[in-house]
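# Summary of the model geometry
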Amino acid sequence: MLIAIDAMGGDNAPECNVEGALSAAAEWSDTQIVLVGDEARLEPLLKNKPSNVTVRHAGEVIGSDEEPVKAVRRKKDSSMVVAGRMVREGEADAMISSGNTGALMTTGLLVVGRMDGIERPALAPMIPTLDDVGVLALDLGANMDAKPQHLAQYALMGSIYRSKVHGIAKPRVGLLNVGTEPGKGNELTKEAYPLLAALPGIHFVGNVEARDVLTGNCDVLVCDGFAGNILLKTLEGTAGAMFSLLKEQFSRSLKTKLGAAILMPELRSLKGKMDYKEHGGAPLLGLSGLVVKGHGSSDGNAVKNAVRQARIALQAGLVSSISKEISGK
């Protein structure tokens, strides 16, 4: 398999992407990795380049603050667009980018192409849970608005993902809402509820409140991109604030410092459990090719884990499985 990495995307680019690519190449020698970006900046970072890592030159970069549609249409030689074109034309089996989320969504739609039968692709990251199983949540930011039928498509795609990639035989699908009763919520969730309940082959468990997401009461969490992105950012912010408070408390005296030293292995384990870098990235489900979105502040480890994630999805035939289920062919 061949995976293209947008080497210029992300806050720590290109160094983090090169580091992650080299680590992934060393671990999976059967995978070809193409770093797409400015050759003049990449080559000095690849002094000991293995045979399964190559560079594809792309002379432009889409910045984090650029308007997505304009940037994708005007910067056809940008690293993100070139990687997307490689997927569309069959030169790459998947692409990974930690760059501008809106631009990547636009690249997915305009360059890679949307899957037949899917109206709106969804960003589907894993949210860590207390039981270490995690919950796949979608959509968490690809589309700010959604219709009830879009949520039904998210439920179907998410269920297939958890089944094919994570091996869960009968994934539990929940609908993010303000209450657990079927009649709760706004017009969107009220109309979406019966659609999800009627989906064949979907194990719908009903409404799920935000406070219960981390307890692992569902395997797939369905929501619109606006509510989903708020949920994700709230969880990230809360986790960061908790660890800051713990650090402050454990630094107050010699006694608390000794306690921190004793608890350090457990604290590191807890931090790792809540760390997005361990999950690598979020697939954009509903496209005709595999596109994985890395966190903007990804480091080398996160990029490597995104490669691992892409490999598993490719080996499971994720895109073809979703396409077959949606089209019925």
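About the cut-offs
- Residues numbered from 1 in each chain as written.
- Predicted model: local features only at pLDDT ≥ 70, side-chain atom pairs only at ≥ 80, totals over all residues.
- Heavy atoms only, no water.
- Pairing = 2+ DSSP bridges.
- Helix = DSSP H or I, 4+ residues; strand = E, 2+ residues; numbered from the N terminus.
- Contact = heavy atoms within 4.5 Å.
- Axes fitted to C-alpha atoms, helices over the stretch in contact; angles between N-to-C directions.
- Core = buried A, V, L, I, M, F, W, Y, C linked by side-chain atoms within 4.5 Å.
- Buried < 20%, exposed > 50% of the residue type's maximum accessible area, 1.4 Å probe, protein only.
- Parallel < 35°, antiparallel > 145°, perpendicular 65-115°, else oblique.
- Left-handed = near helix turned anticlockwise from the far one by under 90°.

## Focus on the sheet that holds strand β9 (residues 203-209)
Reading across from one edge, β6-β7-β10-β8-β9 is the order of the 5 strands in this open sheet, with mixed pairing throughout. This sheet does not close on itself; its edge strands, each paired only once, are β6 (126-127) and β9. Those strands touched by helix α7 (residues 187-198) are β8 (172-177), β9 and β10 (220-222), and its axis lies near 170° from that of β8.

## Observations regarding the nonpolar core
Counting 56 residues, the largest nonpolar core has Leu35, Leu151, Leu196, Val222 and Leu318 as the members making the most contacts within it. Among residues more than four places away in sequence, those in contact with Val222 are Leu138, Leu151, Tyr154, Ala155, Val173, Gly174, Leu175, Leu176 and Leu196. Counting residues in each nonpolar core, the second largest holds 26 residues, with Ala4, Val34, Met95 and Leu284 among its members.

## Examining the sheet that holds strand β3 (residues 53-57)
What the 7 strands build is an open sheet, ordered β3-β2-β1-β4-β12-β11-β5; its pairing is mixed. One side of each edge strand has no neighbouring strand; the edge strands of this open sheet are β3 and β5 (122-123). By the bridge criterion, 5 bridges tie strand β1 (residues 2-6) to strand β2 (residues 32-37) in an arrangement that is parallel. Paired with Ile3 across the strands is Ile33, a residue of β2.

## Thoughts on the side chain of Ser321
Among the structural elements, Ser321 can be located in helix α11 (residues 318-327). Its relative accessible area of 16% is what places Ser321 among the buried residues.

## Remarks on the packing of helix α6 (residues 148-166) against α11
For any two helices packed against each other, one specifies the crossing angle of their axes together with the interaxial distance. Running from amino to carboxyl end, α6 crosses α11 at an angle of 140°, the nearest separation of the two axes being 10 Å. By the criterion of interaxial angle, the relationship of α6 to α11 is oblique. α6 and α11 meet at a crossing whose hand is right-handed. Together, Leu156, Met157, Ile160, Tyr161, Lys164 and Val165 of α6 and Leu318, Ser321, Ile322, Glu325 and Ile326 of α11 make up the contact between the two elements.

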